[in-house]
Amino acid sequence: MAKSTRKKTARRSEPKLSAEKGGATRRRPRAVRWLLRWVVRLGLVAVTLLLLAVSLFAVFNPPTTWYMASETRRLGAVDHEWVPLSGVAPVMARAVVAAEDANFCTHWGFDIAAIRKAIAEGGERGASTISQQVVKNVYLWHGRSWLRKALEAAITPVMELVWPKARIVEVYLNVAEFGEGVFGIDAAAYRYFRVTPAQLTAEQASRLAAILPDPKGRSASTPSDFVLRRARSIRDGAATIDADGRAACFQ
């Protein structure tokens, strides 16, 4: 009799275990759905903030950048004055595009051909477009990291969609570093040549564009032989993109 009772008891406990297992299974999808809802909400918030940030500087001038602020702390002050693109000699805009991103008018933020060439050369040369450099300078920080690169890749096409090409060039010219504590084309034109941006000649513009990759190590007013050679190449490139229409999107 005792043996039979134990068997019955064991059989009666089986449905209870199954019910507990079923409850845990039902709770698990509920937790997953809750997590997915929050992921979607956070994603929507991130996209909204991104669109607001990009749209804001499509109209208003960025007062500073992360890098400019860090240099201000380091040096005590920097030379920076905003100037509209209409106040810059057109040859200056053509020079920076020829030097940094000759296909600027034909891509949507990434120059795939330049990226492929950089990969083929083992990463010895950069492939960042002017658009990518603006995103890095205005919205992000300097330094190499996968996180920054990922954010740059996400923001660049959005900026290209919202900003006109001329606005991208204008912001680039106003936030680029041209020397120790020298930011923007207004400060650079005066520091090196004692002129306004509108008065820059083709030679002066090409020299300024030539120092951009290494603004602290190069000088536009006392150029090395390398800078002079690079400036001549940029001057020819600026004339070329003007003649073949690759400067039409920002002029």
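Just above, that's the structure.
Residues numbered from 1 in each chain as written. Predicted model: local features only at pLDDT ≥ 70, side-chain atom pairs only at ≥ 80, totals over all residues. Heavy atoms only, no water.

The three strands lie next to each other as E1-E3-E2, forming an open sheet whose pairing is mixed. Looking at strand neighbours, the two that pair on one side only are strand E1 (79-80) and strand E2 (177-179), the edges of this open sheet. Here two bridges tie E1 to strand E3 (residues 182-183), and the two strands are oriented parallel to one another. Of the residues in E3, the one forming a bridge with His80 is Phe183. (Pairing = 2+ DSSP bridges. Helix = DSSP H or I, 4+ residues; strand = E, 2+ residues; numbered from the N terminus.)

Turning next to the environment of Lys136. Here Lys136 is to be found in helix H5 (residues 130-139). Judged by relative accessible area, Lys136 falls into the partly exposed class, the value being 22%. Taking the C-alpha atoms as reference, Lys136 lies 9.5 Å from Tyr67; in sequence the two are 69 residues apart. Residue contacts for Lys136: discarding those within four places in its chain leaves Trp141, His142, Arg148 and Glu152. (Buried < 20%, exposed > 50% of the residue type's maximum accessible area, 1.4 Å probe, protein only. Contact = heavy atoms within 4.5 Å.)

Counting 57 residues, the largest nonpolar core has Phe178, Ile185 and Leu208 as the members making the most contacts within it. Mapped by element, the contributors of at least two residues to this core are helix H1 (2-59), helix H3 (90-100), H5, helix H6 (146-162), helix H7 (165-175), helix H8 (185-193), helix H9 (202-210) and helix H10 (225-243). Broken down by element, the residue count for this core peaks at eight residues, all from H3. If near-sequence neighbours (up to four positions away) are discounted, Ile185 is found in contact with Val83, Val88, Met92, Leu173, Asn174, Phe178, Pro197, Leu200 and Leu208. (Core = buried A, V, L, I, M, F, W, Y, C linked by side-chain atoms within 4.5 Å.)

Axis separation between H3 and H7 bottoms out at 11 Å; the angle between their running directions is 90°. Between H3 and H7, the angle is such that the two are roughly perpendicular. Along the contact surface, H3 presents Met92, Ala93, Val96, Val97 and Glu100, while H7 presents Val169, Tyr172 and Leu173. (Axes fitted to C-alpha atoms, helices over the stretch in contact; angles between N-to-C directions. Parallel < 35°, antiparallel > 145°, perpendicular 65-115°, else oblique.)

Here we take up the state of the cysteines. Within this structure, the stated rule accounts for one disulfide. Here Cys105 is linked by a disulfide to Cys249, with a sulfur-sulfur distance of 1.9 Å. Where Cys105 bonds to Cys249 through sulfur, the torsion about that S-S bond is close to -75°, and the disulfide is left-handed. Residue Cys105 is found in the loop between H3 and helix H4 (112-120), and its partner Cys249 is found in the segment after H10; the two are separated by 144 residues along the sequence. In this structure Cys249 comes out as partly exposed when scored by relative accessible area, which is 28%. (Disulfide = S-S within 2.5 Å.)

Turning our eyes to something else, we now look at H7. Within H7, ten of the eleven residues are buried, leaving the element largely enclosed by the surrounding structure. Buried within H7 are the following residues: Lys165, Arg167, Ile168, Val169, Glu170, Val171, Tyr172, Leu173, Asn174 and Val175.

Below, the discussion takes up the pattern of salt bridges. Inspection of every chain in the model, using the stated rule, returns eleven salt bridges. Put simply, Arg74 and Glu71 hold a salt bridge, and the shortest N to O gap is 2.9 Å. You can see Arg74 and its partner Glu71 sitting in helix H2 (residues 66-75), three residues apart, about one turn around the helix. Residue Arg74 is classed as partly exposed on the basis of its relative accessible area of 48%. Residue classification places Glu71 among the buried residues on the basis of a relative accessible area of 6%. Among the ionic pairs, Glu152 bridges to Lys149, the shortest N-O distance being 3.8 Å. Taken together, the residues span about one helical turn, with Glu152 and Lys149 both in helix H6 at a distance of three residues. Each of Glu71, Arg74, Glu177, Glu180 and Lys216 takes part in salt bridges that share partners, so that together they form one network. (Salt bridge = Lys/Arg side-chain N within 4 Å of Asp/Glu carboxyl O.)

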